[in-house]
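So you can see what is in the structure, the chains are spelled out below.
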Amino acid sequence: MCDRPAPSFFSTLRACAVGIALVVAAPAASLAQVFQTEATSAVVIDHNTGQVLLSKLADVPLPPASMSKLMTLLMTYEALEDGRLTMDTILPVSEHAMSFGGSTMFLDTTDRVRVEDLIRGIIVLSGNDACVVLAEALSPDGTEEGFAEMMTQRARDLGMTQSSFRNASGWPALGHVMSMKDLAFLAEKIITDFPNYYPMFSEKEFAFDGRAPSNTRNRNPLLRLDIGADGLKTGHTDEAGYGLVGSALQGERRVTFVISGLESEAARAREAERIVNWAFRQFAQTTVLTEGAVVGEAPVFMGAASSVPLVAGADVSLLMPAVGDRTVSGEIKFDGPLSAPLAAGTEVGTFHVTVADMTPVIVPLRVATDVEPAGILRRIQLAGEAVLARLLGGAVDAAPLSSSEQ
């Protein structure tokens, strides 16, 4: 790769032989510094663009408490999708499942429970016993330990490298950890991949069988605030503190966030509401680049033309700060020079567009026009230049960069 400055966002530059980095301007100061969270660890993601708006120790594996129940739910949803379970499947309750304390559906070994009720029991009631019933049903050896191993392997398959599970419920156990980044990814996956099941996360109450009147209300403090919150899961242990995986939809924008390590339920509720308000009020989504706009130029090897314009393969929409520095930077990445022939529209790399130091939005990079192979005379010229460059021990470009581009 090589780096060359550009005077404006839509400037066209000739690329160097192995690629180009197009930098528009120095990025603004970290937006994470603008919002100071009381949480020990936190991450805030804009669902539409994928931009990370806030990150605080987000890659550090920590005890997730009941927030890790989302992984049990994900694997249950996957089993529903591939037919291993149905919502009406009836499952037995083992002595091991019945033995759990903490948040519970108060199941016992005489119960046979529908999968749909178990899912609601996990989401609304945070039932540890419900998690174990589903875990034992899906486990390869019928044990919760076997299911926990499945959870860890599935997490690895999904790229959740900072997650390891020892049980299905988040019950405190040595080595049962998740990063806030992994939890946010998990929440985003549930929202995106399982829209038919996701509405259950916004249910405020579930009175299973009338047997547990003291445990019928959803613990998510945002659901009753009328701010668009519709999920996902709270968590609390002495070691983990109070945490929340949350998501809210206002208009066409959705924000997903994770906070952990708060000192009380009140602090968790206050911090979650602050984050939602900040994320929706301090950013506005803006289209900064349209599909087909020329963003650079690449050299072509053995082509009738020595270079070809490069265009964005899709619109680029970014969250821009409502006030302050709105600087946008872009970076072109491709392996070059490109080899003729080339057809217009061929994808040759990626274009990375960033506001401040948030996660870049990445779109395909395509060639704008056809480039035919060089004719015989042009090939002779290029071959001669290559031989000359080798003899001189340097590189000679067929179409050298102008002084303003070097």
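Residues numbered from 1 in each chain as written. Predicted model: local features only at pLDDT ≥ 70, side-chain atom pairs only at ≥ 80, totals over all residues. Heavy atoms only, no water.

### Concerning the pattern of salt bridges
In total, this model carries 16 salt bridges according to the counting rule given. Across the salt bridge formed by Glu-205 and Arg-217, the nearest N and O atoms sit 3.9 Å from each other. A residue pair is termed long-range when its members are at least 10 positions apart, and Glu-205 in the loop between helix 6 (180-193) and strand 7 (229-237) and Arg-217 in the loop between helix 6 and strand 7 qualify at 12 residues. Across the pair Glu-331 and Lys-333 runs a salt bridge, and its minimum N-O distance is 3.9 Å. Each member of the salt-bridge network shares a partner with another, and the members are Asp-88, Arg-114, Glu-116, Asp-117, Arg-120 and Glu-203. (Salt bridge = Lys/Arg side-chain N within 4 Å of Asp/Glu carboxyl O. Helix = DSSP H or I, 4+ residues; strand = E, 2+ residues; numbered from the N terminus.)

### Concerning the nonpolar core
Buried together is how nonpolar side chains tend to be arranged in soluble globular proteins. Counting residues in hydrophobic clusters, the biggest one holds 61 residues, and the most contacted among them are Met-71, Tyr-77, Leu-118, Ile-119 and Phe-201. If you list the elements that add at least two residues to this core, you get strand 3 (41-46), helix 1 (69-81), helix 3 (115-123), helix 4 (128-138), helix 5 (144-157) and helix 6. Every residue in contact with Ile-119, bar those within four places of it in the chain, is listed here: Leu-73, Thr-76, Tyr-77, Leu-80, Met-87 and Met-200. Core analysis: the second largest hydrophobic core is formed by 54 residues, Leu-244, Ala-279, Val-300 and Val-363 among them. (Core = buried A, V, L, I, M, F, W, Y, C linked by side-chain atoms within 4.5 Å. Buried < 20%, exposed > 50% of the residue type's maximum accessible area, 1.4 Å probe, protein only. Contact = heavy atoms within 4.5 Å.)

### A look at unusual backbone geometry
Cis geometry marks the peptide bond from Gly-231 to Leu-232; its omega dihedral reads 10 degrees. Note that Leu-232 resides in strand 7. A cis geometry characterises the amide bond from Ala-340 onward to Pro-341, with omega recorded as 5 degrees. Here Pro-341 is to be found in the loop between strand 15 (338-339) and strand 16 (347-355). Residue Ala-65 is not a glycine yet carries a positive backbone phi of 50 degrees. By secondary structure assignment, the location of Ala-65 is in the loop between strand 4 (52-56) and helix 1. Positive phi outside glycine occurs at Met-302, with the angle close to 55 degrees. Tracing the backbone shows Met-302 in the loop between strand 11 (294-301) and strand 12 (307-312). Owing to a relative accessible area of 17%, Met-302 belongs among the buried residues under this scheme.

### Some details on the confidence of the model for the chain
The predicted model of the chain has a mean per-residue pLDDT of 85, with 84% of residues at 70 or higher. Across residues 1-33, confidence stays below pLDDT 50; counting only partners more than four residues off in sequence or on other chains, it has 104 contacts. Below pLDDT 50 for its whole length, residues 395-406 participates in 15 contacts with residues either more than four positions away or in separate chains. (pLDDT = per-residue confidence, 0-100.)

### Side note on the environment of Lys-181
With respect to the secondary-structure elements, Lys-181 resides in helix 6. When the C-alpha positions of Lys-181 and Ser-41 are compared, they lie 9.5 Å apart, and in sequence the two are 140 residues distant. Sequence-distant contacts of Lys-181, that is, excluding residues within four places in its chain, are made with Val-43, Ala-58 and Asp-59.

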